[in-house]
Amino acid sequence: MRFVLGVLILGSLASPLLAQAPTWKAGVASAIVTPEKGVWLAGYGAKRPPDGKLHELWMKALALEDEKGKRAVLVTSDFQGVPKEMSDRIFLQLKNKLELERHQVMITFSHNHCGPRLGLDLVDYYPIEEEQVKLVDEYTALMEARMVEMIAEALTKLKPAILQVGAGSTGFAVNRRNNREADVPQLLAKGIALKGPVDHSVPVMKITGADNKPMAILFGYACHPTTLNFTKWCGDYPGFAQLVIEKKHPGALAMFVNTCGGDQNPLPRRKVELCEKYGNMLADAVEQALQKPMTKVSPGLKTAFSYVELPYEEVITRKELETFTQDQNAIRKRWAERMLKKLDAGEKFAPAYPYPLHAWRLGSDILIIGMGAEAVVDYALRFKVKYGPGTWVCGYTDDMIAYIPSRRVWLEGGYEGGPNLYEYGRPALRWAGDVEDRIVDSVQKLVQSVRR
């Protein structure tokens, strides 16, 4: 099923459009997050000090309120990954300062690999340097405070709004498990169909003011932002797409969410020209949706949140860790040494990880599912079929845990489904084989609660 998510239109009741509007309110805010000091770029398992920027990095907030005063806030960002320790502190501040509960807020990140490190996200990816640890800690604390301030600002800007929905499509995402990167350009040139499941839909939400000009446009796509691997700050293809959309719609705030792109890559890649090309393709898909008739969303907001325990196949032992300290793989070696220090300090490794899940219902037809970390595309495809038109599945929400394989991917193994949890600092090498069933069951309960 193709998804259509909403348009929020902000403005006074004097607007002809708002005269027929449901009693929604919406507000938006944004903040630059480009580091001013030498925090390394995140991802790729290497030390990458920054040496310039192509454009600013951003985080942005969209606040919603229904006619009964129920509120929800969606945060988008150009971060590679927000770790649990960071988002937990933010959620606590939001509760204490703004009276927002966990079920009311989704913190999403694009998984951009030309963005900065944050907290303990992928901590074993990087050589340990005291000055860098200090810079990352300072930057992370600054981003926590800035996100809370931004959310507060969005709430102060709540105004009457209409929600409408639309969708476009674009095809640069490739299933990287089923297509060898080196082969893709030749296959495309020959017109040979690529293999593997993909989700090329582009869900869109527009926010328009009393003057009938858009104030914000929210959109999604399922694909890794890994077109580039250099050392300049850049939002990768989502960053370029947001710049194009904002240029086409002066005064509008463009916001991107990575839907379920855990096993999807932009291919071919590694050139700025390709990155800009994909950004333009995505922006064009957004325009497809904006130019077609869009569906209004009826009033009413319900939000739900829960953790589901995802078990590990087997918790790592001290003996195994001691062996890994001699490993030639630098990431695995650092991970083993850090895990041993935890055991030496008396810590006991948990047999499972608390996986965050959200379900929001907007009006009678729109369902937004939020999933932590790098969920593979199978989840979005499954949930959109199960729950029907109007379903949007967001990956990369609240916590950068690890790859989240479907049963199919787990059985196949490989990078996303095999014994690679050490890269994410987990006390195990692999998930148990039933994680998809556990997630699906938990999502079903959340959906039932918001659809009652």
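Each remark here, short or long, concerns the structure printed above.
Calculation rules
- Residues numbered from 1 in each chain as written.
- Predicted model: local features only at pLDDT ≥ 70, side-chain atom pairs only at ≥ 80, totals over all residues.
- Heavy atoms only, no water.
- Helix = DSSP H or I, 4+ residues; strand = E, 2+ residues; numbered from the N terminus.
- Rg over C-alpha atoms; globule rule 2.2 N^0.38 Å.
- Buried < 20%, exposed > 50% of the residue type's maximum accessible area, 1.4 Å probe, protein only.
- Salt bridge = Lys/Arg side-chain N within 4 Å of Asp/Glu carboxyl O.
- Core = buried A, V, L, I, M, F, W, Y, C linked by side-chain atoms within 4.5 Å.
- Contact = heavy atoms within 4.5 Å.
- Axes fitted to C-alpha atoms, helices over the stretch in contact; angles between N-to-C directions.
- Parallel < 35°, antiparallel > 145°, perpendicular 65-115°, else oblique.
- Left-handed = near helix turned anticlockwise from the far one by under 90°.
- Nonpolar A, V, L, I, M, F, W, Y, C, P; charged D, E, K, R; others polar.
- 1 Å grid on protein atoms, 1.4 Å probe; cavity = no way out; pocket = protein on both sides within 12 Å on 5 of 7 lines; lining within 4 Å.
- Points joined across faces, edges and corners; volume = space filled by probe spheres on them.
- Pairing = 2+ DSSP bridges.
- Right-handed = clockwise from strand over helix to strand, strands pointing away.
- Expected span 1.5 Å × (residues − 1).
- Arc of directions from axis to C-beta.

Secondary structure summary: the protein chain contains 11 helices and 19 strands in total. For the protein chain, the C-alpha radius of gyration of 21 Å lies close to 22 Å, the compact-globule estimate for 452 residues. With the C-alpha coordinates aligned to their principal axes, the bounding extent of the protein chain is approximately 70 × 55 × 45 Å. The buried share among the 452 residues of the protein chain stands at 60%.

This next bit is on the pattern of salt bridges. Enumeration over the complete set of coordinates arrives at 29 salt bridges. Of the charged contacts in the structure, one is a salt bridge between Lys-47 and Glu-129, with a shortest N-O distance of 2.8 Å. Of the two residues, Lys-47 is situated in the loop between β2 (24-32) and β3 (58-65) and Glu-129 in the loop between β5 (105-107) and α2 (130-156); the sequence distance between them amounts to 82 residues. Here Glu-129 falls in the partly exposed class, since its relative accessible area comes to 32%. Between Arg-177 and Glu-412 there is a salt bridge whose closest N-O contact spans 2.9 Å. Here Arg-177 is found in the loop between β8 (173-175) and α3 (184-190), whereas its partner Glu-412 is found in helix α9 (residues 407-412), with 235 residues between them in sequence. Connected through shared salt-bridge partners, Arg-176, Arg-177, Asp-378, Arg-408, Glu-412 and Glu-416 make up one network.

Time to look at the nonpolar core. One finds Met-371 and Ile-439 to be the most contacted residues of the largest nonpolar core, which totals 116 residues. Here the element with the most residues in this core is α2; it accounts for 10 residues. Beyond its immediate chain neighbours, meaning those up to four positions away, Ile-439 contacts Val-308, Leu-310, Tyr-355, Leu-357, Met-371, Tyr-379, Phe-383 and Ile-404. In this structure, Trp-24, Met-205, Ala-216 and Cys-394 belong to the second largest nonpolar core, which totals 26 residues.

Orientation of helix α4 (residues 236-248) relative to helix α5 (residues 272-291), taken along the N-to-C sense of each, is 50°, at an axis distance of 7 Å. As the angle between them shows, α4 and α5 are arranged oblique. When you trace α4 past α5, the crossing you get is right-handed. Note on element contacts: α5 touches α4 through Val-272, Cys-275, Glu-276, Tyr-278, Gly-279, Asn-280, Leu-282, Ala-283, Asp-284, Val-286 and Glu-287, opposite Asp-236, Tyr-237, Phe-240, Ala-241, Val-244, Ile-245 and Lys-248. For the contact of α4 with α5, the class distribution of residues is 11 nonpolar, two polar and five charged.

Moving on: the layout of surface pockets. Within this model, the largest pocket holds a volume of roughly 460 Å³. Together, 26 residues line the largest pocket, and Glu-85, Lys-342, Tyr-353, Gly-425 and Arg-426 are the ones closest to its centre. For the lining of the largest pocket, the secondary-structure elements that each account for two or more residues are α1 (84-98), α7 (330-344) and β15 (352-362). The class makeup of the residues in the lining of the largest pocket is 15 nonpolar, one polar and 10 charged.

Counting buried residues in strand β4 (residues 71-77) gives six out of seven residues, a clear majority hidden from the surface. A loop of five residues connects β3 with β4, the two strands running antiparallel in sequence, and Gly-69 in this loop sits at a positive phi of about 85°. Pairing analysis gives three bridges linking β4 to β5, with the strands arranged parallel. By the bridge assignment for β5, Val-75 is matched with Ile-107. With respect to chirality, the unit in which β4 leads through α1 into the neighbouring parallel β5 is right-handed.

Okay, α1 next. In this model α1 runs 20 Å from its N-terminal to its C-terminal C-alpha over 15 residues, within 8% of the 21 Å that 1.5 Å per residue would give. Within α1, burial applies to Met-86, Ser-87, Ile-90, Phe-91 and Leu-94. In an axial view of α1, the angular spread of the buried residues amounts to 130°, which keeps them on one side of the axis. Seen from the buried face of α1, the exposed residues on the opposite side, beyond 90 degrees, are Leu-92 and Asn-96. Those residues of α1 that are buried are in contact with β5 and α2.

Turning our attention to the sheet that holds β5. A sheet is described by the order of its strands in space; here five strands give the open sequence β5-β4-β3-β2-β6, paired in mixed fashion. At either end of the open sheet lies a strand with only one pairing partner, and these are β5 and β6 (159-161). Across the sheet, the axes of successive neighbouring strands diverge by a mean angle of 25°, strand direction being ignored.

The next point concerns unusual backbone geometry. Along the chain, Leu-267 connects to Pro-268 via a cis peptide bond; the corresponding omega equals -10°. Relative to the assigned elements, Pro-268 resides in the loop between β12 (264-266) and α5. Phi is positive for Tyr-396, close to 50°, though the residue is something other than glycine. The topology assignment puts Tyr-396 in the loop between β18 (391-394) and β19 (403-404). One non-glycine residue with positive phi stands out, namely Asp-398, at about 75°. Here Asp-398 lies in the loop between β18 and β19.

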